[in-house]
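Next come the chains, spelled out residue by residue.
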Amino acid sequence: MRTALIRTLWLWTLLAALFAAGAAPAATLTRDQALAALEAVDPMDRFVALERLAEVGAMQDADAVLERLADADPRVRLSASHAIWQIWSRSGNAAIDELLAHGVEQMNAGALAGALHTFDEVVRRRPDFAEGWNKRATVKYLLGQYQASLLDCEEVFERNPRHFGALTGAAQIYLRQGRAEQALGMFRRAVAINPNLDAAARIIPLIEQRLRELEKNTI
């Protein structure tokens with residue numbers, strides 16, 4: 001067993017060396033260099049660029065990162081998904097970002113009332129920050145406040161119309177409310193932006209079939 005462990009460690013060391021040789025470390029790239037590398041031929045270069053943008057990317061970089069969600073390489077697509085959430089979570093104000101992160105911790109711990117209070121404060125202090133509205137919409141959904149959550153989703157769309165997270169969230173509420181056509185529209189928009197939303201992609205044909213059945217029954 002010890003020999004097998006040594007071989008495994010050696011293999012991982014070799015793979016790490018090959019990775020390092022195949023692309024520049026993400027930390028060596030400037031933001032502008034990372035943006036330019038999103039169009040690189042080598043998928044590893046695109047991957048490294050996205051890892052860097054996850055660290056330093058700004059809101060104005062979001063559209064370029066979103067385009068990589070349809071990349072031919074699955075590693076690049078996964079990295080793009082990570083990067084876009086990191087970018088969306090930056091308000092440009094460190095105190096607001098810390099407050100948002102605290103609210104997420106509360107939400108993950110099940111302290112929904114506290115999280116709602118925290119996101120209320122984020123929205124109050126930075127009303128132009130789309131992710132503050134999105135996180136508050138999520139908490140309201142978890143609390144069963146569906147209509148209030150939808151209203152917050154609309155605030156997200158005004159500030160970030162390509163927010164696929166808010167689109168799928170609104171779609172789920174519409175389904176709960178029996179509003180299949182509205183849900184279908186939201187799911188379609190979300191998948192058009194992020195084709196990696198497998199659950200949303202699977203539910204679209206089911207909703208379409210249900211709507212066809214309802215149409216037949218009304219004729």
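In case you missed it, the structure is sitting above this.
Residues numbered from 1 in each chain as written. Predicted model: local features only at pLDDT ≥ 70, side-chain atom pairs only at ≥ 80, totals over all residues. Heavy atoms only, no water.

Visitor: Describe the packing of aromatic side chains, with residues and values.
Guide: For the coordinates displayed, the defined rule picks out four aromatic pairs. A ring pair is formed by W85 and W88, whose centres lie 5.3 Å apart and whose planes are at 85°; its orientation type is edge-to-face. Taken together, the residues span about one helical turn, with W85 and W88 both in helix α5 (residues 74-88) at a distance of three residues. Using a relative accessible area of 26% as the deciding quantity, one classes W85 as partly exposed. Of the residues examined, W88 reaches a relative accessible area of 2% and is grouped as buried. Judged by centre distance (5.7 Å) and plane angle (85°), the ring pair of W85 and F164 falls under edge-to-face. Taken as a pair, W85 in helix α5 and F164 in helix α10 (residues 164-176) lie far apart in primary sequence, 79 residues in all. You can call F164 buried: its relative accessible area is 3%. (Phe/Tyr/Trp six-rings, centres within 6.5 Å; stacked < 30°, edge-to-face > 60°. Helix = DSSP H or I, 4+ residues; strand = E, 2+ residues; numbered from the N terminus. Buried < 20%, exposed > 50% of the residue type's maximum accessible area, 1.4 Å probe, protein only.)

Visitor: Summarise the packing of helix α3 (residues 43-56) against α5; cite the residues concerned and give the values.
Guide: Packing of α3 against α5 leaves a shortest axis separation of 8 Å and a crossing angle of 15°. On the basis of the axis angle, α3 is roughly parallel to α5. Remark: the crossing between α3 and α5 carries left-handed chirality. From α3, P43, M44, R46, F47, L50, E51, L53 and A54 reach across to α5, where they touch R75, V76, S79, A80, H82, A83, Q86 and I87. Of the residues belonging to the contact of α3 with α5, the class tally is ten nonpolar, three polar and three charged. (Axes fitted to C-alpha atoms, helices over the stretch in contact; angles between N-to-C directions. Parallel < 35°, antiparallel > 145°, perpendicular 65-115°, else oblique. Left-handed = near helix turned anticlockwise from the far one by under 90°. Contact = heavy atoms within 4.5 Å. Nonpolar A, V, L, I, M, F, W, Y, C, P; charged D, E, K, R; others polar.)

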